[in-house]
Amino acid sequence: MSRLRFDRLSVTGWLIRRPMTNDLKPRVSMEEIAALAKRRGFIFQSSEIYGGIGGFFDYGPLGAILKRNVKDAWWREMVELRDDVVAFDASIIMHPNTWIASGHVAAFHDKLVDCKNCKHRFRADHLPSLDKCPDCGMRDTLTEPRNFNLMMQTAIGPMEDSASRAYLRPETAQGIFVNFKNIYQSARKKPPFGIAQIGKSFRNEITPGNFTFRVREFEQAELEYFVPQDGKDMACYDEWVTARKKWYSDYGIKEDRLRFYELKPEERPHYAKAGTDVEYLFPWGWGELESIAHRGTYDLDAHMALSGKDLTYFDEASKTKYTPILIESSAGMDRTTLTMLVDAYEVEAVADDNGKQSSRTVLHFHPKIAPVQVGVFPLARNKAELVERARSIEGGLRPHARTQYDEGNVGQLYRRQDEIGTPFCIMVDYQTLEDGTITVRERDTMRQERVDASQLRTYFLEKL
């Protein structure tokens, strides 16, 4: 079974190779994104001082906040603003039978080939041909494709043998399925209702790459929405597709760089009634961010069959029980964070007051996503009264916005804040000491206006 047909499993591990449209060309390379991410403290290669480790990345001071904001935005929309979705947080390691029932042990494979000449390894489905090695160029040196299970193994207890074998979860959803009855009974919910969680998952990718797009450790945000068998399941599925479209739009993702691809019947698992892949136009082409799927009753049925436990829903009103139909939304938070970085990136040509041309790199983050929302700095760092006033203003705003104090050359300060995506900057100058007003500079337009410092809280509550 291919990763694509495994449906949910494709969310953070499969790049659907659909052609790039002719009218949209890459605006930025991944090398530029990776360079900015390292320079400004968004993302670092893990264990870099030891040469790094493939498929693992660390989020720096700004990247940790950016990713947290992306997760919080998802959580806010999917859980906090709804009364029909409850929260959950499952263990990373589960009973090994979980992965037998889910099909991961038998079917969660990629096809692996080795080059007998250069000893490099490749995913067979990523190669244009099996006749020639893409690295050394030698012909007829690639081995026959063989299955490679992507789950990472670990051992529980003091003895490392088959009895102690366990797995780091390759997805978060199975914890929801095996706890379905515990959750709906304790939360006093009845279908239609959803269960949501965000958590770490692990996949032993053969060829991680494209920065944080294909990695071996990542975070998933998954919603499992259970609906009655009353004939309204497809309407519910359509509602979730519409809701996810709105979420990406609300947080500023450009419409011409995002598409919702409806899977054809031959692209879906046999049990799936419908499926939609959310894809973004990355520098290398379209890549999948999220999967929205109508999975029928497959998942609960599989766990009931192997465990022998009843995971059906008992309807008190009708005194009947049934297995709810599942509508799923499964998104990779690392990929979504990368999308926010790529989509926000722009190099603009700007002219100063004398008409001299230069360029600035700017990240047009949505204000709710931006790691820093307001930058504050004094006109001169060697003037104690300006520094003291600037620090006082930054401290006063900190409970109400994500702020950052900085000092130095004014032009460089603005460029630095542009490059980390700060929507607004405050300049404290000598006029501030006279009349209490400060200069607020807006990132996207670079327009400046004088605002009374006493009104900043109200001003930014409206702007942000």
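As the structure is a computational prediction, the values presented were derived from the model and not from experiment.

### Remarks on empty space enclosed by the protein
Any empty space left between atoms is shown by rolling a water-sized probe over those atoms. On inspection of all chains with the given rule, the structure shows 1 cavity of 30 Å³ or more. By volume, the largest cavity amounts to about 30 Å³. Lining the largest cavity are Phe177, Phe226, Gly296, Thr297, Tyr298, Asp299, Leu300, Pro324 and Leu326. Here the lining of the largest cavity takes 3 residues from helix α8 (residues 298-307), the largest share from any one element. Class assignment of the residues belonging to the lining of the largest cavity gives a composition of 6 nonpolar, 2 polar and 1 charged.

### Notes on the layout of surface pockets
Put simply, the largest pocket is a space of about 340 Å³. Residue lining of the largest pocket: 15 residues in total, with Val350, Ala351, Asp352, Asp353 and Arg415 positioned closest to the centre. Elements that contribute at least two residues to the lining of the largest pocket include exactly β17 (345-351), β18 (357-363) and α11 (410-420). Residue contributions to the lining of the largest pocket peak at 4 residues, all from α11. Split by residue class, the lining of the largest pocket holds 5 nonpolar, 5 polar and 5 charged.

### Examining the side chain of Arg443
Among the structural elements, Arg443 can be located in the loop between β22 (437-442) and β23 (448-452). A residue is classified by how much of its surface remains accessible, and Arg443, at 4% relative accessible area, is buried. Reaching out from Arg443, the side chain makes a polar contact with the backbone oxygen of Leu363 at a distance of 3.4 Å. Side-chain polar atoms of Arg443 contact the side chain of Asp444, separated by 2.7 Å. When residues no more than four places from it in sequence are discounted, the contact partners of Arg443 are Arg360, Val362, Leu363, His364, Phe365, Asp418, Gly421, Thr422 and Pro423.

The rules behind each value
Residues numbered from 1 in each chain as written. Predicted model: local features only at pLDDT ≥ 70, side-chain atom pairs only at ≥ 80, totals over all residues. Heavy atoms only, no water. 1 Å grid on protein atoms, 1.4 Å probe; cavity = no way out; pocket = protein on both sides within 12 Å on 5 of 7 lines; lining within 4 Å. Points joined across faces, edges and corners; volume = space filled by probe spheres on them. Helix = DSSP H or I, 4+ residues; strand = E, 2+ residues; numbered from the N terminus. Nonpolar A, V, L, I, M, F, W, Y, C, P; charged D, E, K, R; others polar. Buried < 20%, exposed > 50% of the residue type's maximum accessible area, 1.4 Å probe, protein only. Polar contact = N/O pair within 3.5 Å; in protein donor to acceptor, adjacent residues only side chain to side chain. Contact = heavy atoms within 4.5 Å.

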